[in-house]
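# Structural features, examined
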Amino acid sequence: MSSFLRPAVPGHDPLTTQTPVAPATTRATATATLGRIPAQYRPISSHLAIAPPVSVVIPAMNEAENLPHVFNTLPDWIHEVVLVDGNSTDDTIDVARELRPDVKVVKQVGKGKGDALISGFAACTGDIIVMVDADGSADGQEIVSYVSALVGGADFAKGSRFANGGGTDDMTPVRKLGNRVLCGIVNAKFGARYTDLCYGYNAFWRHCLDRITLDCTGFEIETLMNIRVVKAGLRVQEVPSHEYLRIHGVSNLSAVRDGLRVLRVILQEKAVRRRASERRPALTLKAPRGELS
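Residues numbered from 1 in each chain as written. Predicted model: local features only at pLDDT ≥ 70, side-chain atom pairs only at ≥ 80, totals over all residues. Heavy atoms only, no water.

Taken together, Glu65, Asp90, Asp91, Asp94 and Glu98 make up a surface patch of like negative charges. Relative to the helices and strands, Asp94 resides in helix H2 (residues 92-99). (Patch = residues over 30% accessible without salt bridge, like charges linked within 9 Å, V, L, I, M, F, W, Y side chains within 5 Å. Areas by Shrake-Rupley, 256 points an atom, 1.4 Å probe, with all protein chains shown as cover. Salt bridge = Lys/Arg side-chain N within 4 Å of Asp/Glu carboxyl O. Lys, Arg positive; Asp, Glu negative; His and termini not counted. Charge placed at Lys NZ, Arg CZ, Asp CG, Glu CD. Helix = DSSP H or I, 4+ residues; strand = E, 2+ residues; numbered from the N terminus.)

As a further point, take the nonpolar core. If you look at the biggest cluster of nonpolar residues, it comprises 76 residues, and the most contacted ones within it are Ile58, Phe121, Val130, Leu197 and Phe204. Apart from the residues lying within four places of it in its own chain, the contact partners of Val130 are Val54, Ser55, Val56, Val57, Ile143, Tyr201, Asn202 and Ala203. (Core = buried A, V, L, I, M, F, W, Y, C linked by side-chain atoms within 4.5 Å. Buried < 20%, exposed > 50% of the residue type's maximum accessible area, 1.4 Å probe, protein only. Contact = heavy atoms within 4.5 Å.)

Its 18 residues place the ends of helix H5 (residues 173-190) 26 Å apart at the C-alpha level, agreeing with the 26 Å of an ideal helix rising 1.5 Å per residue. Buried within H5 we find Asn179, Leu182, Cys183, Val186, Asn187 and Phe190. Projected down its long axis, H5 shows its buried positions confined to an angular sector of 140°, all on one face. Those residues of H5 that are exposed and angled more than 90 degrees off the buried face are Pro173, Val174, Leu177, Arg180 and Ala188. Once H5 ends, the next one or two residues include Gly191, with phi positive near 75°. (Expected span 1.5 Å × (residues − 1). Arc of directions from axis to C-beta.)

Averaged over all residues, the pLDDT of the protein equals 83, while 77% of them reach at least 70. pLDDT under 50 marks residues 7-39. Its contacts with residues more than four places away, or in other chains, come to 46 contacts. (pLDDT = per-residue confidence, 0-100.)

Turning our attention to unusual backbone geometry. With a phi angle near 60°, Asn62 is a residue other than glycine that sits in the positive phi range. Of note, Asn62 is situated in the loop between strand E6 (54-60) and helix H1 (67-73).

Most of strand E10 (residues 156-160) sits out of view: 5 of its 5 residues are buried. Burial of E10 is two-sided: the residues Phe156, Lys158 and Ser160 facing one way and the residues Ala157 and Gly159 facing the other way are all buried. Relative to strand E12 (residues 202-205), E10 is paired through 3 bridges, and the arrangement is antiparallel. Note that in E12 the partner of Phe156 across the bridge is Phe204. Pairing analysis gives 5 bridges linking E10 to strand E13 (residues 236-240), with the strands arranged parallel. When the sheet's bridge partners are listed, Phe156 is paired in E13 with Val236. (Pairing = 2+ DSSP bridges.)

A word on the packing of aromatic side chains. This model, assessed by the stated rule, comprises 4 aromatic pairs. With a centroid separation of 4.6 Å and an interplanar angle of 25°, the aromatic rings of Tyr146 and Tyr201 are classed as stacked. In this pair, Tyr146 sits in helix H4 (residues 143-151) while Tyr201 sits in the loop between H5 and E12, placing the two residues 55 residues apart along the sequence. Taken as a pair, Tyr146 and Tyr201 share a single burial class, namely buried. Here a set of aromatic residues connected by ring pairs shows up, and it is made of Phe121, Phe156 and Phe204. Sitting above the plane of the Phe190 ring, Lys270 keeps its charged end 5.9 Å from the centroid. (Phe/Tyr/Trp six-rings, centres within 6.5 Å; stacked < 30°, edge-to-face > 60°. Lys NZ or Arg CZ within 6 Å of the ring centre and 35° of its normal.)

Moving on to the side chain of Arg161. Position of Arg161 relative to the elements: it lies in the loop between E10 and strand E11 (167-168). According to the relative accessible area criterion, Arg161 is buried, its value standing at 3%. At 2.7 Å, the side chain of Arg161 and the side chain of Asp196 are in polar contact. In this structure Arg161 touches Gly166, Gly167, Thr168, Met171, Arg175, Asn179, Asp196, Cys198, Tyr199, Ser241 and Glu243, once residues within four positions along its chain are discounted. (Polar contact = N/O pair within 3.5 Å; in protein donor to acceptor, adjacent residues only side chain to side chain.)

Structure follows, in structure tokens:
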């Protein structure tokens, strides 16, 4: 069994263990008492407990109406939530803090989803990082499947709407066709075996950031990560995931515009040889981007 994974003991709190305290010399404490000491594992279900702390990064801009649903689906056992605010003009930050007082808020300095994610990654302290959209399309209860894939040996757990057990309520026929074509190109050019490409629900060990360079500020960062983890020789496992409709608001996605940007990233990655610089850390985790509050 993995050193990161243990079965939970029924009726036992995996977060603490009880051990006898040495009897004191004074009469008042002559009888041995039980002390509580921190343990290594945290429960994620009635039968399972894990060791590594999990950070969830949520890039958001004007998502105050969606955050209650998003936060409600997040498991209780996650280590931290990092909300990257893209200069929202609504109550996104206030709602996040009301829902989860311990939320870590990063105020984005740059622009674009890629820049937001990079800023969020830099603020994470967990060993595992999970990427979740703020529009309500992702089910936070699926995080356990991603974490299970990682503690089971994968470096990068990639969500797929087209793997067996996955699905989508949000993609138009045009977007499905575009995703399929782009996914086929990546598989052919980089030796991947993906069933989905342009999907942002992913998770990975934090050390993966030392193996891939993240230098993309837009939506296409998801494709860039999918390509570079393969080029870096990291172990990738697809996780079936269901994508739901955005709850409130209007998506900024454009099938043609974003499809062309993704294609450009694919062609650039194939044309450029792996450089030694790509083996260096993509960002300095000790120096967070954006304004942390």
